[in-house]
Amino acid sequence: MFSIKSPKQYSQLPGIRARVGELISPLANRIFIISSPAAWQAVNPELENSLAAAGIRYQLAMLTTECTEVAIADLTAEMQAHGSTLVLGIGGGRVLDTAKAVGNALDEVKIVTLPTLAATCAAWSPISILYTASGAHQRSQPLSQMPELVLVDSEIIARSDVRFLKAGIVDALAKWYEFQPYQRHNPDNLALNLKALMARQAVEVFAQWGEQAVLDNQQGQVTPALEKVIEGCIVLAGMANSIRDADPTPGFAHAIHNRLTHQPELHDWLHGEKVGFSLLVQSRMQQPDGQPDAGLLALLRQYDAPLTLAPLTGNRREAIQRIAREVKFSPASAARLPFEISPATLEKALLATEIG
């Protein structure tokens, strides 16, 4: 028995920001918008004009912090006071996760997400990731309701810094490298095989279109290659992340990522960049000789993922030992993977990244 959670509708189109009012009006006429200053600027004036044309009243709240419990509680109370029946999240992962969590906290409130970056699958994913105010990972919050609509304006994403697209590609690639090892001991698990199938499809999309999409993003051009890669980052990665059964298959590289968020020195790394470095560490742990998978290493280099840790405060060796000790991963999940997971093996793999 397993479940698949997905948005009710996914629409990807250049300039769709100018149709948001038309698309939302059947759902609500009084809405609460959560965005960030940069994202709000990116979608306007077209989005505001579309809301006005559709007769939709809205209240705008700018998220200037991480997706935290405090931010979610404050925005939930603000939305209740406004009397809105739909929350629209416009922005990157932290904005979308916050908007989903706010909508999830209120009965009979619909959720719509409009990602302005393709850096994660947050627009689709059935969880919100909560952080501390300083950006350290706290926990994942499962959602009981999914977005009614995911609206993706590929024109906005084409105008964004290509660093975000590269990070999104790496984060999506991670799904394959994290899920596939579970198949070694669980070859007949349907939910796992479906997750791996979606993840593998993303890998193939990036192999065919990734290089061209990066070039097109650098030129600010919406092209078939960029459209397909955006779909890989949001749809395929989101679908892979949305299939759940009784036997959890958490990504080990994401567990390493979660601990890395507690290092202030790495706060400037994007989510996908931390995940990319963590994939490298996982790959070293998987291989008997400690050498990373050559194909993965080539992909990490292609998309500019960091291959060694940034300078760390204090004694570097002790800091790395502390990271290795503090990575949290379920023993039950570790037992289902075909390589040893322990502080010692993790420390060895982390140290190996120091010498290339």
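Cut-offs used in this document
- Numbers given to residues run from 1 along each chain, matching the order in which its sequence is written.
- Predicted model: local features are reported for residues with pLDDT of at least 70 only, side-chain atom pairs are reported and counted for 80 or more only, and whole-chain, interface and lining totals are derived from all residues.
- Hydrogens and water are ignored here; the side-chain numbers use all heavy atoms of the structure.
- In this text, helices come from DSSP runs of H or I with a minimum length of four residues, and strands from runs of E with a minimum of two, each type numbered from the N-terminal end.
- Our radius of gyration is a C-alpha quantity, and the globule rule it is checked against amounts to 2.2 Å times the number of residues to the power 0.38.
- The rule is simple: take the accessible area with a 1.4 Å probe, protein chains only, and divide by the maximum for that residue type; under 20% is buried, over 50% is exposed, in between is partly exposed.
- Contacts between residues were defined by any pair of non-hydrogen atoms, one from each residue, lying within 4.5 Å.
- Per-residue and other accessible areas were derived by the Shrake-Rupley procedure at a 1.4 Å probe size, with only the shown protein chains allowed to occlude residues.
- When charges are counted, neither His nor the chain ends are considered; positive counts come from Lys and Arg and negative counts from Asp and Glu.
- All charge positions are set by atom: Lys at NZ, Arg at CZ, Asp at CG, Glu at CD.
- UniProt positions are given in the numbering used here, feature names are shortened, and annotations may be inferred rather than shown by experiment.
- At least two DSSP bridges between two strands are required for those strands to pair.
- Counted as salt bridges are all cases of a side-chain nitrogen of Lys or Arg within 4 Å of a carboxyl oxygen of Asp or Glu.
- Start and end positions for the domains come from either an automated domain assignment or a database one.
- Reported buried area values correspond to the accessible surface (1.4 Å probe) lost by two parts on association, with both partners' losses combined.
- Two N or O atoms count as a polar contact when they lie within 3.5 Å, although within protein this holds only if one can serve as hydrogen donor and the other as acceptor, and sequence-adjacent residues are included solely when both atoms are side-chain atoms.

Summing up its helical and strand segments, the protein chain has 15 helices and ten strands in all. A globule of 356 residues ought to have a C-alpha radius of gyration of about 21 Å, and the protein chain, at 20 Å, matches this closely. Dimensions of the protein chain, computed from C-alpha atoms along their principal axes, come out at roughly 65 × 45 × 40 Å. Considering the protein chain as a whole, with its 356 residues, one finds that 57% of them fall into the buried category. Of all intrachain contacts in the protein chain linking residues separated by at least 6 positions in sequence, the fraction that spans at least 24 positions is 78%. Taken as a whole, the protein chain presents about 15000 Å² of accessible surface, with 52% of it coming from carbon and sulfur. Measuring between centres, the 30 positive side-chain charges of the protein chain sit 3 Å from its 35 negative side-chain charges.

On to the UniProt feature "binding site: NAD(+)" (unreviewed entry) in the protein chain, then. Residues given the UniProt feature "binding site: NAD(+)" (unreviewed entry) here are Gly93, Arg94, Val95, Leu96, Asp97, Ser125 and Tyr131. If you trace the backbone, Gly93 turns up in helix α5 (residues 93-105). Residue contacts for Gly93: discarding those within four places in its chain leaves Thr120 and Ala122. Along the chain, Leu96 turns up in helix α5.

Turning our eyes to something else, we now look at the pairing of strand β8 (residues 137-142). One face of the sheet, then the other: side chains in a regular strand alternate in exactly this way. Sheet analysis places strand β7 (residues 127-131) next to β8, joined by five bridges and oriented antiparallel. Each residue of the ladder has a partner; that of Tyr131, found in β8, is His137. In this structure, the hairpin formed by β7 and β8 is closed by a connection of five residues, where Gly135 is found at a positive phi of approximately 95°.

Let's shift gears to the UniProt feature "binding site: glycerol" (unreviewed entry) in the protein chain. The UniProt record annotates "binding site: glycerol" (unreviewed entry) at Asp171, His254 and His271. Spanning 101 residues, the annotated positions come together in the fold, the maximum distance between their C-alpha atoms being 9.5 Å. Here His254 is to be found in helix α10 (residues 252-260). Overall, the relative accessible area of 18% leaves His254 in the buried class. Setting aside anything within four residues of it in sequence, one finds His254 in contact with Asp171, Ala174, Lys175, Glu178, His271 and Val275. For His271, the location among the structural elements is in helix α11 (residues 271-286). A relative accessible area of 23% places His271 in the partly exposed class. Leaving out residues up to four positions away in the same chain, His271 has contacts with Thr120, Tyr131, Asp171, His254 and His257.

Taking burial as the measure, the five residues of β7 include five buried ones, the bulk of the element. Alternating residues of β7 divide into Ile127, Ile129 and Tyr131 and Ser128 and Leu130, and every residue in both groups is buried.

Let's shift gears to the pattern of salt bridges. According to the stated counting rule, one finds 15 salt bridges in the structure shown. Linking Asp304 and Lys166 is a salt bridge whose minimum nitrogen-to-oxygen distance equals 2.5 Å. Of this pair, Asp304 sits in the loop between α12 (294-302) and α13 (316-326) while Lys166 sits in helix α7 (residues 162-179), and the two are 138 residues apart along the sequence. We note a salt bridge from Glu347 to Arg317, for which the minimum N-O separation is 3.6 Å. You can see Glu347 sitting in helix α15 (residues 343-352) and its partner Arg317 sitting in helix α13, a full 30 residues away along the chain. Judged by its relative accessible area of 17%, Glu347 is buried. On the basis of relative accessibility, which here comes to 45%, the residue Arg317 falls in the partly exposed class.

Another point: the domain arrangement of the protein chain. Domain annotation for the protein chain reports domain 1 (3-159) and domain 2 (162-353). The straight-line distance from the C-alpha centre of domain 1 to that of domain 2 is 25 Å. Each partner contributes to the interface: domain 1 provides 28 residues, whereas domain 2 provides 30 residues. Here domain 1 packs against domain 2, burying approximately 2400 Å² in sum over the two surfaces, 62% of which is carbon and sulfur. A per-residue breakdown of the area domain 1 buries against domain 2 is headed by Cys121, Trp124 and Ala158, which together make up 21% of the total. Inspection of the region where domain 1 meets domain 2 yields zero salt bridges. Our count for the contact surface shared by domain 1 and domain 2 stands at nine residue pairs in polar contact (both at pLDDT 80 or more). When residues of the side of domain 1 that touches domain 2 are traced back to their parent elements, those giving at least two are β1 (2-4), β2 (9-12), β7 and α6 (154-158). It is α6 that provides the largest number of residues to the side of domain 1 that touches domain 2, a total of four residues.

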